[in-house]
Amino acid sequence: MAKQVELGPTGRPDRIIPAPKKLDRHGPARIIAMCNQKGGVGKTTSTINLAAALARYGRRVLAVDFDPQGALSAGLGVPAHDVPTIYDLMLGKLKDPRDAIQKTGTAGLDVIPANIDLSAAEVHLVTEVAREQILGSVLRKVVDDYDVILIDCQPSLGLLTVNALTASHGVLIPLACEYFALRGVALLVETVDKVRDRLNPALELDGILATMYDARTLHAREVLERVIDTFGDTVFDTVIGRTVKLPDAQIAAKPILDYAPSNAASEAYLKLARELVQRGAVA
Ligand SMILES: Nc1ncnc2c1ncn2[C@@H]1O[C@H](COP(=O)(O)OP(=O)(O)O)[C@@H](O)[C@H]1O
Ligand SMILES: [Mg+2]
């Protein structure tokens, strides 16, 4: 009798992804934009928890809050008001990103916060020279201090998101396993293609991450199947299940690895970190 092969939720064999090797030197960072113009798909949650998972594996990680909502800053428990933010760096009011970088409760994980000020940035930057390249020039100053920089994008395809894509080596697209998940993804991929053509020829699509997956519903299984039919191997093996522990952790201002280490979502984000290293998207 043939040996039974366990299949993961993606329908692929559930393979074991080894823990990444320890790094003996650090940097320069690979920069990854966490991007989807749809809100509520798990961008911020995935940025926080992937960042914490990579830090757990000894990577030096900088998470950049690039959404005026400031959810990343809040979720990592750092102040975002009356402190220097990404906005000050984008406008050149602050020259050295190190003056805005804050440590988090997770060793190896730093953050540049954002607050509502950032919503004014698009207007201010429209008249700037090389306005799409400003974030890139900010992050270049600290790229040697980190192994990976994750940018938590806002839900739009405007100038800030174009800045994130222009600054990045790769883009990771979180997709919630809900109806209409695929709606808008074509437009996002088109934007990525345009940025690659015009501004950032090296930009890679690192992968599509299925989030909020509930294996008990036929509906989620159907959506995931369609996502895989459409995007094939670009979809990560790792699928993030739906759990209330993720919003709970965000309210507690901690990564899930600290808040509920034995929850399946903790292992899922660790697996995503391993998968990114295995794919060569992170050192
Ligand atoms: N896997 C998940 N299971 C349950 N809730 C989730 C999951 N991922 C994210 N959430 C919750 O869904 C909401 C939207 O997620 P968020 O990461 O903020 O999305 P985005 O940054 O794309 O707008 C948040 O309240 C978050 O806590
Ligand atoms: Mg968000």
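Every chain is numbered independently, its residues counted from 1 as its sequence is written. Here every chain gets a letter starting at A, and every ligand a number starting at 1, in the order they are written. Selection of residues for local features in this predicted model requires a pLDDT of at least 70, selection of side-chain atom pairs for listing and counting requires 80 or more, and totals for whole chains, interfaces and linings are taken over all residues. Excluding hydrogens and water, the side-chain values take into account all heavy atoms of the structure.

Caption draft 1: Summary view of the site of ligand 1. A single heavy atom is enough: if one lies within 4 Å of a molecule or strand, its residue is considered near that molecule or strand. Around ligand 1 sit 15 residues in total, of which Gly-40, Thr-44, Thr-45, Gly-241 and Gln-250 are the nearest. Two N or O atoms form a polar contact when they lie within 3.5 Å of each other; inside protein one atom must be a possible hydrogen donor and the other a possible acceptor, and for residues adjacent in sequence the pair counts only when both atoms belong to side chains. In this structure, Gly-40 approaches ligand 1 through a main-chain N or O atom, which is 2.7 Å from an oxygen atom. One of the side-chain N or O atoms of Thr-45 is found 2.5 Å from an oxygen atom in ligand 1. Residue exposure ignores everything except the shown protein chains as possible cover, and the areas themselves are Shrake-Rupley values with a 1.4 Å probe. Isolated, ligand 1 exposes 550 Å² of accessible area, and the fraction of that covered by the protein chains is 79%. As a working rule, the residues Ala, Val, Leu, Ile, Met, Phe, Trp, Tyr, Cys and Pro are called nonpolar, Asp, Glu, Lys and Arg charged, and the rest polar, with Gly in that last group. Tallied by class, the residues present in the shell around ligand 1 amount to five nonpolar, eight polar and two charged.

Caption draft 2: Quick peek at unusual backbone geometry. With an omega of -10°, the peptide bond running from Gly-27 to Pro-28 counts as cis. A helix here means a DSSP run of H or I that spans at least four residues, while a strand means a run of E at least two residues long, and both kinds are numbered starting from the N terminus. Relative to the helices and strands, Pro-28 is located in the segment before β1 (30–34). Positive phi is not limited to glycine here, since Asp-82 has a value of about 55°. You can see Asp-82 is positioned in the loop between α2 (71–75) and α3 (86–90). Using a 1.4 Å probe on the protein chains alone, a residue whose accessible area is under 20% of its type maximum counts as buried, one over 50% counts as exposed, and one in between counts as partly exposed. For Asp-82, a relative accessible area of 84% translates into the label exposed. One non-glycine residue, Met-212, lies in positive phi territory at about 55°. Position of Met-212 among the secondary structure elements: in strand β7 (residues 204–213).

Caption draft 3: Seen up close, helix α1 (residues 43–56). Between the first and last C-alpha of α1 there are 20 Å, a value that for 14 residues agrees with the 20 Å anticipated at 1.5 Å per step. Of all the 14 residues making up α1, 13 are buried; the element is thus mostly covered by neighbouring parts of the structure. Residue Gly-58 follows α1 closely and has a positive phi angle near 85°. Multiply 1.5 Å by the residue count of a helix minus one, and that product is the helix's expected span.

Caption draft 4: Structural view of the packing of α1 against helix α11 (residues 264–278). The geometry of α1 relative to α11 is characterised by a closest axis approach of 8 Å and an angle of 70° between their N-to-C directions. Taken as axis vectors, α1 and α11 run roughly perpendicular relative to one another. When α1 is examined against α11, the residues Thr-45, Ser-46, Asn-49, Leu-50, Ala-53, Leu-54 and Arg-56 are found in contact with a partner set consisting of Tyr-269, Leu-270, Leu-272, Ala-273, Leu-276 and Val-277. When the residues that make up the contact of α1 with α11 are grouped by side-chain class, the tally is nine nonpolar, three polar and one charged. Note on geometry: axes are C-alpha line fits, over the in-contact stretch for helices, and angles between N-to-C directions span 0 to 180 degrees. Note on angle classes: values under 35 degrees are labelled roughly parallel, values over 145 roughly antiparallel, values of 65 to 115 roughly perpendicular, and the remainder oblique. Any two residues whose heavy atoms approach within 4.5 Å at even a single point are treated as in contact.

Caption draft 5: Broad picture of the pairing of strand β5 (residues 148–153). Of all the six residues making up β5, six are buried; the element is thus mostly covered by neighbouring parts of the structure. Here β1 pairs with β5 via five bridges, running parallel. In the strand pairing of β5, Ile-31 is matched with Ile-149. Looking at chain direction, strand β2 (residues 61–66) and β5 are connected through six bridges and run parallel. Paired with Val-61 across the two strands is Val-148, which belongs to β5. What makes two strands pair is DSSP finding at least two bridges between them.

Caption draft 6: How the structure looks around the sheet that holds β2. Taken together, eight strands build an open sheet; the order of strands is β3-β4-β2-β5-β1-β6-β7-β8 and the sheet is mixed. Where the open sheet ends on each side, the last strands, each with one partner, are β3 (102–103) and β8 (235–241). Note: β1 against strand β6 (residues 170–176), three bridges, orientation parallel. Across the sheet, Met-34 pairs through a bridge with Leu-172, a residue of β6. Where α1 meets the sheet, its contacts fall on β1, β2, β4 (109–112), β5, β6 and β7, and the angle it forms with β5 comes to roughly 165°.

Caption draft 7: Main features of the UniProt feature "domain: AAA" (unreviewed entry) in the chain. Here the UniProt feature "domain: AAA" (unreviewed entry) sits at residues 30–204. Between the end C-alpha atoms of residues 30–204 the distance is 11 Å, and the span holds 34% helix and 18% strand. UniProt positions are given in the numbering used here, feature names are shortened, and annotations may be inferred rather than shown by experiment.

Caption draft 8: Region of interest: the environment of Val-111. Of note, Val-111 is situated in strand β4. Separated by 40 residues in the primary sequence, Val-111 and Ile-151 place their C-alpha atoms 9.9 Å from one another. Once residues within four sequence positions are removed from consideration, Val-111 is found in contact with Leu-62, Ala-63, Leu-72, Leu-76, Val-78, Ala-100, Ile-101, Gln-102 and Thr-104.

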